[in-house]
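# Architecture at a glance
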Amino acid sequence: MAAEDTSVSGVSGRYATALFELARDQNVVDEVKADLDKFEGLLNESADLKRLVRSPVFAADTQSRALSAVLDKAGIAGISANFLKVLTANRRLFAVADVIRAYRALVARFKGETTADVTVAEALSDKNLDALKVALKSVTGKDVALNVKVDPSIIGGLVVKLGSRMIDSSLRTKLNSIKHAMKEAG
């Protein structure tokens, strides 16, 4: 099994590392991760917030005031809020998604976990998610966090990406294989 690449680099890696070290020193690693997850959820739900974060058109003070209002309303405070405000003041808020991803990688490495990206045709039950985690733990020897994405176009089955390894047992892929085999035979 190839090792999962959990390296963090560049601007987002430096910011994530600084945040992680601060959170670790204050024993709030999980709280900061939860706040960042909440902020990412807000980003994914709001086109306006996405535009505020990504657009260089907004002045730093406008971006800062708007971000403060969003953080207050979402209940994000403490280190997480201060960190997001620092990103804004330094005109690096556009990189927040990469910073969040890098922070998650640092937390996973710190906890001895690995992450698998799983694509399914329909949402899995908790029982099935637990079974998948157990199966992946038996392969990796580590606790596995799952990033589950629902994509009805795979028809059935699932696609699991763990580090550099990918297992595609989707019905769409199987049907395409049969179709290709039938074309070669005919």
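Residues numbered from 1 in each chain as written. Predicted model: local features only at pLDDT ≥ 70, side-chain atom pairs only at ≥ 80, totals over all residues. Heavy atoms only, no water.

Definition in use: UniProt positions are given in the numbering used here, feature names are shortened, and annotations may be inferred rather than shown by experiment.
The protein chain goes by ATP synthase subunit delta in an unreviewed UniProt entry, where it is assigned to Bradyrhizobium japonicum. In its Sequence similarities (unreviewed entry) section, UniProt records this for the protein chain: "Belongs to the ATPase delta chain family."

### Some words on the pattern of salt bridges
Heads up, the rule is: Within this document, salt bridges are pairs made up of a side-chain nitrogen of Lys or Arg and a carboxyl oxygen of Asp or Glu, the two lying within 4 Å of each other. Numbered from the N terminus, helices here are DSSP runs of H or I no shorter than four residues, and strands are runs of E no shorter than two. A simple rule labels every residue: compare its accessible area, found with a 1.4 Å probe on the protein chains alone, to the largest value its type can have, and call it buried under 20%, exposed over 50%, or partly exposed in between.
Taken as a whole and assessed by the stated rule, the structure comprises eight salt bridges. Here Asp-30 makes a salt bridge to Lys-111, at a shortest N to O gap of 2.4 Å. Within this pair, whereas Asp-30 is found in helix H2 (residues 29-45), its partner Lys-111 is found in helix H6 (residues 96-111), the two being separated by 81 residues in sequence. We classify Asp-30 as partly exposed; its relative accessible area is 43%. Overall, Lys-111 belongs to the partly exposed group, its relative accessible area being 39%. Notably, a salt bridge pairs Asp-37 with Arg-104, separated by 2.7 Å at the nearest N-O pair. Of this pair, Asp-37 sits in helix H2 while Arg-104 is found in helix H6, placing the two residues 67 residues apart along the sequence. Given a relative accessible area of 27%, Asp-37 falls into the partly exposed group. Using a relative accessible area of 24% as the deciding quantity, one classes Arg-104 as partly exposed.

### Things to note about the sheet that holds strand E2 (residues 143-150)
Rules: Here, a strand pair is defined by DSSP locating no fewer than two bridges between the strands. The axes used here are C-alpha line fits, helices contributing only the stretch in contact, and every angle between their N-to-C directions lies in the interval 0 to 180 degrees.
Here four strands make up an open sheet; going across it, the order is E2-E1-E3-E4 and the pairing mixed. If you trace the sheet from one side to the other, it starts and ends with E2 and strand E4 (165-168), each paired once. Within the sheet, the average angular offset between the axes of one strand and its neighbour, ignoring direction, is 20°. Note that strand E3 (residues 158-162) and E4 share four bridges and pair antiparallel. Residue pairing for E4: Leu-162 is matched across the bridge by Arg-165.

### Quick word on the environment of Ala-97
Mapped onto the secondary structure, Ala-97 falls in helix H6. Of the residues examined, Ala-97 reaches a relative accessible area of 27% and is grouped as partly exposed. C-alpha of Ala-97 to C-alpha of Ser-68: the two residues are 29 residues apart in sequence and 18 Å apart in space.

### Describing the packing of helix H1 (residues 10-25) against helix H5 (residues 78-89)
Short version of the rule: Angular relationships are summarised with four words: roughly parallel below 35 degrees, roughly antiparallel beyond 145, roughly perpendicular across 65 to 115, and oblique for the angles in between. By definition, any crossing whose near helix is turned counterclockwise from its far helix by less than a right angle is left-handed, and any crossing with a clockwise turn is right-handed. A contact between two residues is defined here by any heavy atoms of the two lying within 4.5 Å. We call Asp, Glu, Lys and Arg charged. Ala, Val, Leu, Ile, Met, Phe, Trp, Tyr, Cys and Pro are nonpolar, and the rest, Gly among them, are polar.
Interaxial distance between H1 and H5 falls to 11 Å at its minimum, and their mutual angle equals 155°. With respect to their mutual orientation, H1 and H5 come out roughly antiparallel. Handedness of the H1/H5 crossing: right-handed. Along the contact surface, H1 presents Tyr-15, Leu-19, Leu-22 and Ala-23, while H5 presents Ile-79, Phe-83 and Leu-87. The residue makeup of the contact of H1 with H5, split by class, is seven nonpolar, no polar and no charged.

### Section: the nonpolar core
The criterion, for reference: By convention a nonpolar core is built from buried Ala, Val, Leu, Ile, Met, Phe, Trp, Tyr and Cys residues, the set being connected through side-chain atoms within 4.5 Å.
Phe-39, Leu-84, Val-96 and Tyr-103 are the most contacted members of the largest nonpolar core, which totals 29 residues. When residues of this core are traced back to their parent elements, those giving at least two are H1, H2, helix H3 (47-54), helix H4 (60-74), H5 and H6. The element that contributes the greatest number of residues to this core is H6, accounting for seven residues. In terms of nonpolar packing, the next biggest core, distinct from the first, is built from nine residues, Val-118, Leu-132, Val-160 and Leu-162 among them.

### A word on the pairing of E2
Rules: The handedness rule is simple: strands pointing away from the viewer, and a clockwise path from the first strand over the helix to the second, make the crossover right-handed.
As paired elements, strand E1 (residues 113-120) and E2 share eight bridges and run parallel to each other. If you follow Asp-117 over to E2, its bridge partner there is Asn-147. In this fold, E1 hands off to helix H7 (residues 126-140), which returns the chain to E2; that crossover is right-handed.

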